[in-house]
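Listed here are the chains, written in short residue letters.
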Amino acid sequence: VAGLKIARLVLVYGFAIAVVVPLFAAMMGEMMEKTMSSMPQRAGGPPPAAQFGQGIAMFYGFALSAGAVLMVLVGMIYPLIMLWVLTRPKVKAACGDPTAARSPELS
């Protein structure tokens, strides 16, 4: 079950990084371009709308990808601990694994 949990985390957040994040970042960039182009421009003001929208899209792409990677790393803590604990020879013997009972490590 712990291995499946890790695989699920990698698949779900890998899909999010590959598909969802680029779409969301592009939509946010377009929205900011529209917002900036509707504002009156003045000398020495903010950069043109296209540059600002691209910057916002890059920021969102990086931030959301970093968040997804962080979620995978944090989400793997418990399954990795569970795998480590449940593969100990004494735990295997206590759970009724007949091959673990003959292990010299238990003596």
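Residues numbered from 1 in each chain as written. Predicted model: local features only at pLDDT ≥ 70, side-chain atom pairs only at ≥ 80, totals over all residues. Heavy atoms only, no water.

Caption draft 1: Looking closely at the overall build of the protein chain. Looking only at helices and strands, the protein chain has five helices and zero strands in total. Seen in sequence order, the protein chain has helices and strands lined up from the N terminus as α-α-α-α-α. Burial statistics for the protein chain: of 107 residues in total, 20% are counted as buried. Counting every atom, the protein chain has about 7,800 Å² of accessible surface; 73% of that belongs to carbon and sulfur. (Helix = DSSP H or I, 4+ residues; strand = E, 2+ residues; numbered from the N terminus. Buried < 20%, exposed > 50% of the residue type's maximum accessible area, 1.4 Å probe, protein only. Areas by Shrake-Rupley, 256 points an atom, 1.4 Å probe, with all protein chains shown as cover.)

Caption draft 2: Main features of a nonpolar patch on the surface. Taken together, Leu 70, Val 74, Ile 77, Ile 81, Trp 84, Val 85 and Leu 86 make up a surface patch of nonpolar side chains, about 690 Å² in accessible area. Mapped onto the elements of the fold, Ile 81 is located in helix α3 (residues 77–86). (Patch = residues over 30% accessible without salt bridge, like charges linked within 9 Å, V, L, I, M, F, W, Y side chains within 5 Å. Salt bridge = Lys/Arg side-chain N within 4 Å of Asp/Glu carboxyl O.)

Caption draft 3: Representation of the packing of helix α1 (residues 2–38) against α3 within the structure. At a minimum axis separation of 9 Å, α1 and α3 run at an interaxial angle of 155°. The angle between the axes of α1 and α3 places the two elements in the roughly antiparallel class. With respect to the hand of their crossing, α1 and α3 are arranged in left-handed fashion. Note on element contacts: α3 touches α1 through Pro 79, Leu 80, Met 82 and Leu 83, opposite Ala 2, Gly 3, Lys 5 and Ile 6. Grouping the amino acids of the contact of α1 with α3 by side-chain chemistry returns six nonpolar, one polar and one charged. (Axes fitted to C-alpha atoms, helices over the stretch in contact; angles between N-to-C directions. Parallel < 35°, antiparallel > 145°, perpendicular 65-115°, else oblique. Left-handed = near helix turned anticlockwise from the far one by under 90°. Contact = heavy atoms within 4.5 Å. Nonpolar A, V, L, I, M, F, W, Y, C, P; charged D, E, K, R; others polar.)

Function-wise, these values are silent; they only describe arrangement.
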